[in-house]
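The residues making up each chain are set out below.
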Amino acid sequence: MIVSWNTTNACNMYCAHCYRDAGARLEDELSTGEAKKMLGEIARAGFKIMIFSGGEPLLRPDILELVRHAAGLGLRPVFGTNGTLITEEKALALKAAGALGMGISLDSLDEKKHDSFRSFPGAWAGAVRGMEACKKAGLPFQIHTTVMDWNAPELEAMTNFAVEKGAVAHHFFFLVPTGRGAEIEKTSLDAEAYEAVLTRIMAKQKTVPIELKPTCAPQFMRIAKEMNVETRFRRGCLAGLAYCIIGPRGKVQPCAYLNIEAGDVRKTPFDEIWKNAEIFRRLRTLDYKGACGVCKYKGACGCCRARAAFYAKGDYMAEEPWCLYNGNSFRPSGTSL
């Protein structure tokens, strides 16, 4: 099971798609003591992979202490970062503290496009330097790419770049219009392009030695099966089933893009929230509506619950509007059941 913690709202960038609307640090973010208590509750709940994200997690002064604490609890600390703050010294320190991997964001091979998307001159060069620092320190890293209409044509080339740089994986994040991302919804893929890009990624997986993983695109499980692509994954959308996220102030929600509070770790221990929260219980029923409810792949896919909620006025059990598959066959692009 995987849990992600937005360790801080502070960030040195102002990315166009940020679901957290990160930038300035919040005054009431979890303290070191509160964070350690929460990490213990996460371990007690049976979680294994602990993602430290943000904002930019490397801006949190106690991050090494928290990584050591997480590792000591038997959790597997990994990061989601923009990479610009990773020097060789920092990479060595993170590895010594127990960090097992760094997910570094890179959204284009064109430096200007990446820097513009991240609103940060030098973002591309800084991310690549961070990758090189990780490689030199022996700290595994993977590349994270947010998929948009303007960078979709270069995804295979970016995977080649990931292989050349020594990344262990290339993960593709499909835009869900949440936070600042709602302002750029028009640049996300339509249903037909969504299907085509997932098919391309699965085809590319057959040609490279590293892991390719679409995120917030659960239909890749169906496509992988249809294309006979081997994958270690068993489920597409994990929200509320084997994944959740915790905000800087300790608020728990099913995923980064489904902005419905399941509980507050300052009021209720995390393991109790995970076990008892109403939204988690409902998601675990898999009692989806429309095409998702009758789809033979609903156990392996589940479609994106956050995208369903966005387009169905908050109904996170609704059918996924970006999926062309209607449960047993394909429906024409632009139609809905």
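Residues other than glycine predominantly adopt negative phi, and peptide bonds predominantly adopt the trans conformation. The omega angle of the peptide bond from glycine 54 to glycine 55 is 5°, so this bond is cis rather than trans. Looking at where glycine 55 falls in the secondary structure, it is placed in the loop between β2 (49-53) and α2 (63-72). Unusually for a residue other than glycine, serine 119 sits at a positive phi of about 50°. Looking at where serine 119 falls in the secondary structure, it is placed in the loop between α4 (111-118) and α5 (123-137). Its identity is not glycine, yet lysine 313 carries a phi of approximately 55°, on the positive side. Following the sequence through the fold, lysine 313 ends up in the segment after α12 (305-311). Judged by relative accessible area, which is 85%, lysine 313 ranks as exposed.

Turning next to the nonpolar core. Core analysis: the biggest nonpolar cluster contains 98 residues, and Ile42, Phe174 and Phe270 have the highest contact counts within it. Element by element, the count of residues in this core is highest for α5, at 7 residues. Counting 6 residues, the second-largest nonpolar core is a separate cluster that includes Cys11, Cys15, Cys18 and Ala22.

Looking now at the layout of surface pockets. Space inside the second largest pocket adds up to approximately 210 Å³. Lining the second largest pocket we find Tyr19, Arg20, Leu26, Thr178, Gly247, Pro248, Arg249, Lys251, Gln253, Ala256 and Asn259. Each residue belonging to the lining of the second largest pocket can be placed in one class, and the counts come to 4 nonpolar, 4 polar and 3 charged.

Further remarks concern the packing of aromatic side chains. Under the definition given, this model contains 12 aromatic pairs. Their ring planes at 65° and their centres at 5.2 Å tell us that tyrosine 194 and tryptophan 322 sit as a pair that is edge-to-face. Of this pair, tyrosine 194 sits in helix α7 (residues 191-205) while tryptophan 322 sits in the segment after α12, placing them 128 residues apart in sequence. For the pair tyrosine 194 and tryptophan 322, one class covers both residues: buried. One aromatic cluster is present, built from ring pairs that chain together Phe47, Phe270, Trp274 and Phe280. A cation over a ring is seen here: arginine 180 above tyrosine 14, with NZ or CZ 3.6 Å from the ring centre. Taking NZ or CZ as reference, arginine 305 lies 4.1 Å from the ring centre of tyrosine 288, over its face.

What follows covers the confidence of the model for the protein chain. Overall, the predicted model of the protein chain reaches an average pLDDT of 93, with 96% of residues at or above 70. Scored below 50 in pLDDT, residues 333-337 shows 8 contacts in the model against residues more than four places distant or in partner chains.

Among the 5 residues of strand β4 (residues 101-105), 5 are classified as buried, and the element is accordingly described as predominantly covered. Neither face of β4 is exposed, since Gly101, Gly103 and Ser105 on one face and Met102 and Ile104 on the opposite face are all buried. Pairing geometry for strand β3 (residues 76-81) and β4, over 4 bridges, is parallel. The residue bridging phenylalanine 79 from the neighbouring strand is methionine 102, located in β4. Regarding the hand of the β-α-β motif, the stretch spanning β3, helix α3 (residues 88-97) and β4 is right-handed.

Next up on the list: the environment of threonine 159. Structurally, threonine 159 can be placed in helix α6 (residues 155-165). Residue threonine 159 is classed as buried on the basis of its relative accessible area, which comes to 1%. Sequence separation between threonine 159 and aspartate 107 is 52 residues; the distance between their C-alpha atoms is 11 Å. Discounting residues that sit within four places of it in the chain, threonine 159 has contacts with His170, Phe172, Lys204, Val208, Ile210 and Leu212.

Across all of its chains, the model carries 17 salt bridges by this definition. A salt bridge links lysine 165 to glutamate 132; the nearest nitrogen and oxygen atoms lie 2.9 Å apart. With lysine 165 in helix α6 and glutamate 132 in helix α5, this residue pair connects regions lying 33 residues apart in the sequence. According to the relative accessible area criterion, lysine 165 is partly exposed, its value standing at 22%. Through salt bridges that share partners, Glu195, Arg222 and Glu226 make up one connected network.

Cut-offs used in this document
Residues numbered from 1 in each chain as written. Predicted model: local features only at pLDDT ≥ 70, side-chain atom pairs only at ≥ 80, totals over all residues. Heavy atoms only, no water. Helix = DSSP H or I, 4+ residues; strand = E, 2+ residues; numbered from the N terminus. Buried < 20%, exposed > 50% of the residue type's maximum accessible area, 1.4 Å probe, protein only. Core = buried A, V, L, I, M, F, W, Y, C linked by side-chain atoms within 4.5 Å. 1 Å grid on protein atoms, 1.4 Å probe; cavity = no way out; pocket = protein on both sides within 12 Å on 5 of 7 lines; lining within 4 Å. Points joined across faces, edges and corners; volume = space filled by probe spheres on them. Nonpolar A, V, L, I, M, F, W, Y, C, P; charged D, E, K, R; others polar. Phe/Tyr/Trp six-rings, centres within 6.5 Å; stacked < 30°, edge-to-face > 60°. Lys NZ or Arg CZ within 6 Å of the ring centre and 35° of its normal. pLDDT = per-residue confidence, 0-100. Contact = heavy atoms within 4.5 Å. Pairing = 2+ DSSP bridges. Right-handed = clockwise from strand over helix to strand, strands pointing away. Salt bridge = Lys/Arg side-chain N within 4 Å of Asp/Glu carboxyl O.

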